[in-house]
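Single-letter residue listing:
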Amino acid sequence: MNKFYGTGIAIVTPFLADGQVDYDGLKKLINYLIDGGVEYIVSLGTTGESATLSADEKKKVLTFTAGVVNGRINLVAGIAGNNTAEVVEQVKAFDIAGYDAILSASPQYNKPTQEGIYQHYKAIAENAKLPIILYNVPSRTGSNVSAETTVRLAKDFKNIVGIKEASGNFDQINQIMRDKPADFLMISGDDPISLPMIALGAVGVISVVGNALPRQTSDMIRRCLNYDFKGAQKGHYDLVDITRLCFVEGSPAGVKTALKQLGICGDKVRLPLVAVSDYTADKIIKEIQKF
C-alpha cells in the first residue's frame, strides 16, 4: 500500500458558469497536479462537491478522470453516503478500471453509534473490489469514528487499508498509531497538521490546498517522510496563511478562488455553497501571488 504514501489531492470538480462540469478545466487541473509531483488523486471526495453531483455526473467524472490520469499516478474514488445499502450498491456497481482504492467517509447526519459505524464499513468491505480508506471527518459528519472502532475495522478487514483522519484529535491519533496493525495507513486529512502527524507515523496527506500548490505541498510532505522535519518547517509555515484563507469561508470555494487566479479553472461552486466574499478573494489572490 505504499502507493498511498506522500501527497494525495482531494481534487475539486471545476464547473462552468452555467453550473455544468467543466471537463476542460478538470483535465487541465489533473495535468497540473501530476506535473506538480503529487503521488495520487482522490476524485469525488467532499472537496469535489460530490454531494451536489448527480449519479450520471459522478460516473462521467470518475471515468473521465481515470482516462486523463491514464495510469500516470495512483487514483482513489470517493464513494460515501448515509444510506448503507445505497453505498454498498454503488461500490458493487463501480467500474474499478484505473482506480486503486475507495475513500469512504463515515455516514453523515444520522449520527450512528460506534457499532453502527462498524457495521456500515463492514458492509462496504464485504462488497468492495478495491482496498478501502476510511475517512473520519467529525466536523462534517456530526459523529466521530473512535480510535477503538478504527483499530477494530483495521484488524477485522484486510481490505480496509488506512484512514484519512481529520478529527484533529491528537489523543485519538496517538491511540490509533499505537494500536493499529503495522501495515494500516494513517493519512492526514488536515493540511495544517500534516507535519506533526507524519512525525507520529502518518504516511502523508490527502490535501485541499495542494490543488493550488501541488509542488509546494508535495515537496514539504516528501521532506517529512524523509525525516527532514527541520527542512520541512519552512514549507509548512509558508503554507499556513494560504491554507487558513482557503478554509475561512468554506471549502472548496477558497481553493477554487486560488485556482482561478492561477488560470487553472474557474471558481464556480454549486449551491448550497457560494463563492467567497470579495474581501476573502482579495486576500487569497494576494497570498497565492507570493508563490
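Anything mentioned here points back to the structure above.
Quick caveat, the model's predicted, so the values are computed rather than measured. (Residues numbered from 1 in each chain as written. Predicted model: local features only at pLDDT ≥ 70, side-chain atom pairs only at ≥ 80, totals over all residues. Heavy atoms only, no water.)

**Examining the overall build of the chain**
Thinking step 1. Each helix and strand in the chain was counted, giving 13 helices and 8 strands.
Thinking step 2. Over its C-alpha trace the chain gives a radius of gyration of 18 Å, about what one expects of a compact globule, namely 19 Å for 291 residues.
Thinking step 3. In terms of its C-alpha atoms, the chain occupies a principal-axis envelope of roughly 50 × 45 × 35 Å.
Thinking step 4. Partitioning the intrachain contacts of the chain with sequence separation of at least 6 by distance along the chain shows that 73% fall at a separation of at least 24.
Thinking step 5. Of the roughly 12600 Å² of accessible surface on the chain, a fraction of 51% belongs to carbon and sulfur atoms. (Helix = DSSP H or I, 4+ residues; strand = E, 2+ residues; numbered from the N terminus. Rg over C-alpha atoms; globule rule 2.2 N^0.38 Å. Contact = heavy atoms within 4.5 Å. Areas by Shrake-Rupley, 256 points an atom, 1.4 Å probe, with all protein chains shown as cover.)

**Re the packing of helix H12 (residues 253–261) against helix H13 (residues 278–288)**
Thinking step 1. For the pair H12 and H13, the least separation of the axes is 9 Å and the interaxial angle reads 55 degrees. Comparing the axis directions of H12 and H13 gives the class oblique. Considering only the axes of H12 and H13, their crossing is right-handed. Contacts from Gly 254, Thr 257, Ala 258 and Gln 261 in H12 reach Ala 281, Ile 284, Ile 285 and Ile 288 in H13.
Thinking step 2. Of the residues contributing to the contact of H12 with H13, the split by class is 5 nonpolar, 3 polar and no charged. (Axes fitted to C-alpha atoms, helices over the stretch in contact; angles between N-to-C directions. Parallel < 35°, antiparallel > 145°, perpendicular 65-115°, else oblique. Left-handed = near helix turned anticlockwise from the far one by under 90°. Nonpolar A, V, L, I, M, F, W, Y, C, P; charged D, E, K, R; others polar.)

**Let's talk about the packing of aromatic side chains**
Thinking step 1. Tallied over the full model, the rule gives 4 aromatic pairs.
Thinking step 2. Relative to Tyr 99, the ring of Phe 94 lies with its centre 5.3 Å away and its plane at 70 degrees, an arrangement referred to as edge-to-face. An identical accessibility class is assigned to Phe 94 and Tyr 99; each is buried.
Thinking step 3. For the pair Tyr 118 and Phe 157, a centre-to-centre distance of 6.0 Å together with 45 degrees between the ring planes defines the contact as tilted. Of the two residues, Tyr 118 sits in helix H4 (residues 114–125) while Phe 157 sits in the loop between helix H6 (147–156) and strand E6 (160–165), which places them 39 residues apart along the sequence.
Thinking step 4. Owing to a relative accessible area of 5%, Tyr 118 belongs among the buried residues under this scheme.
Thinking step 5. Its relative accessible area of 11% is what places Phe 157 among the buried residues.
Thinking step 6. Against the face of Tyr 118 rests Arg 152, its NZ or CZ located 3.5 Å from the ring centre.
Thinking step 7. Across from the ring centre of Tyr 135, 4.1 Å away, lies the NZ or CZ of Lys 164, which sits over that ring. (Phe/Tyr/Trp six-rings, centres within 6.5 Å; stacked < 30°, edge-to-face > 60°. Buried < 20%, exposed > 50% of the residue type's maximum accessible area, 1.4 Å probe, protein only. Lys NZ or Arg CZ within 6 Å of the ring centre and 35° of its normal.)

**Some details on the pairing of strand E3 (residues 74–78)**
Thinking step 1. When you tally the buried positions in E3, you get 5 out of 5 residues, the bulk of the element.
Thinking step 2. Here E3 shows a buried face lined by Asn 74, Val 76 and Gly 78 and a second buried face lined by Leu 75 and Ala 77.
Thinking step 3. For the segment spanning strand E2 (residues 40–43), helix H2 (residues 55–69) and E3, crossover handedness is right-handed.
Thinking step 4. Handedness of the crossover joining E3 and strand E4 (residues 101–105) through helix H3 (residues 84–93): right-handed. (Right-handed = clockwise from strand over helix to strand, strands pointing away.)

**Some words on H4**
Thinking step 1. End to end, H4 covers 16 Å across 12 residues, agreeing with the expected 16 Å (1.5 Å per residue, within 8%).
Thinking step 2. Contact partners of the buried residues in H4: H3, E4, strand E5 (132–136), H6 and E6. (Expected span 1.5 Å × (residues − 1).)

**Examining the pattern of salt bridges**
Thinking step 1. The tally for this structure, following the rule as stated, stands at 16 salt bridges.
Thinking step 2. The closest approach of N and O atoms between Arg 270 and Glu 57, which form a salt bridge, is 2.7 Å. Of this pair, Arg 270 sits in the loop between H12 and H13 while Glu 57 is found in helix H2, placing the two residues 213 residues apart along the sequence.
Thinking step 3. Here the salt bridges share partners, and the residues they tie into one network are Glu 39, Asp 219 and Arg 222. (Salt bridge = Lys/Arg side-chain N within 4 Å of Asp/Glu carboxyl O.)

No statement about biological role is implied by the geometric values presented.
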